[in-house]
Amino acid sequence: MSEVKDTIMNGKAVLGIEFGSTRIKAVLIGEDNAPIASGAHDWENRLEDGIWTYTLEDIWGGLQDSYTKMAEDVKAKYGAEITNLAAIGFSAMMHGYMVFDKSGELLVPFRTWRNTITEQASEQLTELFAYHIPQRWSIAHLDQAILNGEAHTSKIDYLVTLAGYIHWQLTGKKVLGVGEASGMFPIDIKTKDYNQRMAEQFDARIADKGFSWKLRDIMPKVLVAGEDAGSLTEEGAKKLDVSGKLQAGIPVCPPEGDAGTGMAATNSVAVRTGNVSAGTSVFGMVVMEKELSKVYEEIDLVTTPTGNLVGMVHCNNCTSDLNAWVNLFKEFAESFGMTVDMNQLFGTLYNKALEGDKDCGGLLAYNYFSGEHVTNFEAGRPLFVRKPDSSFNLANFMRVHLMASLSVLKTGLNLMLKEEGVKVDKMLGHGGLFKTKGVGQSILAAAIDAPVFVMETAGEGGAWGIALLASYMVHKAEGESLDDYLNNKVFAGQEGTRMDPDPADVKGFDEFLAVYTAGLPIERAAVDSLK
């Protein structure tokens, strides 16, 4: 405790703050990179005039509240006050659209990643660049606003994401970490900068509009992890810490997105590593050795915080349907007067799945609470179906819902791992699906046919990840890569629990996926029939 107090009092702690979609979290770490205090602020996006947004008041009130709560945690635990820090990092959910005029005024309300209003731009830019441009990317929002003839587009002086906006306001620097920038516009992995050919193609596409700006004029400068991204200004210090105790001049690392901070927090930034985050939704990322041979609508291309290319498959649905069934079993047990411990219930039911047939015994389930772009569904209907001669028992019932929760992810990852031959030596699982030891882990190992690791620290999340990136900037040795820093200074001796794929499980999942794919018309009928 006294050592931690000295670290805080001497200004040697590092702070990371991440803006998630429902929570803003501040995590303070010590000189050993372990968390020592935290604070959080819950917030919700609003649907205003058909746009999912957060107001500037939401943003600044949430930032200040999360910082204040972290400072209160420090005071309560260590009897210390924060006046200085070794470094700070800011992170946020990626993508979206924030545009400002020359006087720094926001031109239209912040359009978040959640908006699906850019289909026309997304399709046309994908064709123009021969590179997949998802709807949520900043360039798709900009292009759609131009296609819509929105008056504000002629006045744009700066286009940035939420993380970049926070950084700019607190440091005065218009910069962005390369991982976050890769969700604004395609990155050339050789130059670690925006793709110049595509930027010129975009400028040519909008030349007839007569705008005073070119695309690169209005975009933030791209930096890689470890580079100097400025420091906290006097005004920035007051905006962050309303008590006025925090000093200016603290170094701030390049702002990153939640994909990059997730990679840092799970030690999966090296080539041929990946991570799967599985909760309400699920996404899988693999750091690739080379470009894909063609464009896949199912695969988004982003980068690590160091600029290595990452293939990402994002699916809207994962555990919601599974949780609903577990809650039904809870209700059943309570009807008999039993007291139900949810951790025990999840553990018992998940472990039961390991007793099931490898291919789920002919049972079939779709976990679509909402649509899934990978399988071309604009809406979802959770569905369970079986044949009269299927092996219908509890083990197979739990197994089919666990496998269904990863089947869309497997469909997308198969394109990378099987069709493109992308190599992955190590995949790290984190999120609610992996809480029951060994179950979600074995299902994922079967899905991807690669070793899956689960680490205790994986639950620390993106705020810890951006704190690690800030720590790397100020503590790295000469020439020390981010991969080496994480391996040696953060995760040394913490490889986690390894599980190799069981060949019988792999074969069973492949057989199940064939049935799952053939059965998609059943889900289509449910969506079309149940309005």
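None of these values were measured; they are calculated from a predicted model. Each chain carries its own residue numbering, running from 1 in the written order of its sequence. pLDDT decides what is reported in this predicted model: residues at 70 or higher carry local features, side-chain atom pairs at 80 or more are listed and counted, and totals for whole chains, interfaces and linings draw on all residues regardless. Side-chain measures were taken over the full set of non-hydrogen atoms in the model, leaving aside hydrogen atoms and water.

**Focus: the overall build of the protein**
Put simply, the test is: By the criteria applied, helices consist of DSSP H or I runs no shorter than four residues and strands consist of E runs no shorter than two, each listed in order from the N terminus. The reference for a compact globule is 2.2 Å times residues^0.38; the radius of gyration itself is calculated from the C-alpha atoms. Three labels apply to residues, based on accessible area from a 1.4 Å probe with only protein chains included: buried if under 20% of the type maximum, exposed if over 50%, partly exposed otherwise in between. Contacts between residues were defined by any pair of non-hydrogen atoms, one from each residue, lying within 4.5 Å. Working definition of accessibility: Shrake-Rupley area with a 1.4 Å probe, residue cover restricted to the visible protein chains. The sign given to each residue is positive for Lys and Arg and negative for Asp and Glu; His and the chain ends receive no count. Each charge is placed at NZ for Lys, CZ for Arg, CG for Asp and CD for Glu.
Counting its regular elements, the protein contains 18 helices and 22 strands. Relative to the compact-globule value of 24 Å for 531 residues, the protein shows a C-alpha radius of gyration of 24 Å, a close match. A principal-axis box enclosing the C-alpha atoms of the protein has dimensions of 70 × 65 × 45 Å. Relative to its 531 residues, the protein shows a buried fraction of 56%. A separation threshold of at least 6 residues defines the contact pool for the protein, and within that pool the share at least 24 residues apart is 72%. Carbon and sulfur atoms form 49% of the exposed surface of the protein, whose accessible area is close to 21600 Å². With 48 positive and 70 negative side-chain charges, the protein shows a spacing of 0 Å between the two charge centroids.

**Some remarks on the pairing of strand 6 (residues 87–92)**
Rules: Whether two strands pair comes down to DSSP finding at least two bridges between them.
Of all 6 residues that make up strand 6, 6 are buried, and the element is covered over most of its length. Of the two faces of strand 6, both are covered, the one formed by A87, G89 and S91 as well as the one formed by I88, F90 and A92. Bridging between strand 1 (residues 14–19) and strand 6 involves 6 bridges; their strand directions are parallel. Each residue of the ladder has a partner; that of E18, found in strand 6, is S91. Alignment of strand 6 against strand 13 (residues 256–257), held across 2 bridges, turns out to be parallel. Note on strand 13: the bridge partner recorded for S91 is E256.

**Some details on the sheet that holds strand 14 (residues 273–278)**
Rule in force here: Note on method: axes are straight lines fitted to C-alpha atoms, helices fitted across the in-contact stretch only, with angles between N-to-C directions ranging 0 to 180 degrees.
If you trace the 7 strands from one edge of the open sheet to the other, you get 16-17-15-14-20-21-22, paired in mixed fashion. Looking at which strands have only one partner, the edges of the open sheet turn out to be strand 16 (300–303) and strand 22 (497–499). Put simply, the sheet's adjacent strands are angled 25° from each other on average, direction ignored. The pairing of strand 16 with strand 17 (residues 309–315) spans 4 bridges and is classified as antiparallel. By the bridge assignment, L301 is partnered in strand 17 with G311. Across the sheet, helix 13 (residues 394–419) lies against strand 14, strand 15 (282–287) and strand 17, angled at about 150° from strand 17, the strand it touches most.

**Thoughts on the pattern of salt bridges**
Test applied: A pairing counts as a salt bridge when a side-chain nitrogen of Lys or Arg comes within 4 Å of a carboxyl oxygen of Asp or Glu.
Under the counting rule described, the total for this entry stands at 26 salt bridges. Here K75 makes a salt bridge to E81, at a shortest N to O gap of 3.6 Å. What makes K75 partly exposed here is its relative accessible area of 44%. Counted as one network, the salt bridges with shared partners bring together R46, E48 and D58.

**Examining the packing of aromatic side chains**
Rules: Any two of the Phe, Tyr and Trp rings considered here, Trp counted by its six-membered ring, make a pair once their centres fall within 6.5 Å; the pair's planes then place it as stacked at under 30 degrees, edge-to-face at over 60, or tilted in between. Lysine NZ or arginine CZ positioned within 6 Å of the ring centre and within 35 degrees of the ring normal marks a charge as sitting over the ring.
Following the criterion strictly, the structure yields 25 aromatic pairs and no others. The interplanar angle of 70° and the centroid separation of 5.5 Å between the aromatic rings of Y368 and F377 together place this pair among those described as edge-to-face. Taken as a pair, Y368 and F377 share a single burial class, namely buried. An aromatic cluster is defined as three or more aromatic residues linked by ring pairs; in this entry it consists of Y366, Y368, F377, F509, F512 and Y516. We note K239 situated over the ring of W60; from NZ or CZ to the ring centre the distance is 4.2 Å. It is K410 that lies over the ring of F509; its NZ or CZ is 5.4 Å from the centre.

**Describing the side chain of T118**
The line we're drawing: Polar contact is the term for a pair of N or O atoms within 3.5 Å; when the atoms are in protein, one must be able to donate a hydrogen and the other to accept it, and sequence-neighboring residues count only if both atoms are side-chain atoms.
Relative to the helices and strands, T118 resides in the loop between strand 7 (98–100) and helix 3 (119–129). A distance of 2.7 Å separates a polar atom in the side chain of T118 from the backbone oxygen of Q135. Not counting residues up to four positions away in its chain, the partners in contact with T118 are Q135, A140, H141 and Q144.

**Some thoughts on the nonpolar core**
Threshold: Buried residues of nine kinds, namely Ala, Val, Leu, Ile, Met, Phe, Trp, Tyr and Cys, make up a nonpolar core once their side-chain atoms join them within 4.5 Å.
In this structure, L142, F185 and F202 are the most contacted members of the largest nonpolar core, which totals 132 residues. Tallying contributions element by element places helix 13 first for this core, with 13 residues. Not counting residues within four places of it along the chain, the set of residues in contact with L142 comprises Y97, I156, L159, F202, W213, L215 and I218. A26, Y67, I166 and V252 belong to the second-largest nonpolar core, a separate cluster that totals 43 residues.

**Quick notes on the pairing of strand 20 (residues 426–430)**
Here is the rule: When the strands point away from the viewer and the path from the first strand over the helix to the second turns clockwise, the crossover is right-handed.
The buried count for strand 20 comes to 4 of 5 residues, which makes it a mostly enclosed element. The pairing of strand 14 with strand 20 spans 5 bridges and is parallel. The residue of strand 20 that forms the bridge with S277 is H430. Since strand 20 and strand 21 (residues 452–454) lie parallel, the crossover through helix 14 (residues 439–448) that links them has a hand, and here it is right-handed.

**So, the environment of R498**
Mapped onto the elements, R498 comes out in strand 22. Residues R498 and G438, spaced 60 residues apart in sequence, show a C-alpha to C-alpha distance of 9.3 Å. For R498, the side chain forms a polar contact with the side chain of D500, separated by 2.8 Å.

**Let's talk about a negative patch on the surface**
Applied cut-off: The residues that make up patches have over 30% relative accessible area and no salt bridge, and they are joined within 9 Å when like-charged or within 5 Å when they are Val, Leu, Ile, Met, Phe, Trp or Tyr.
Residues E3, D6, E31 and D32 make up a contiguous surface patch of negative charge. Checked against the element boundaries, D32 lands in the loop between strand 2 (23–29) and strand 3 (35–42).

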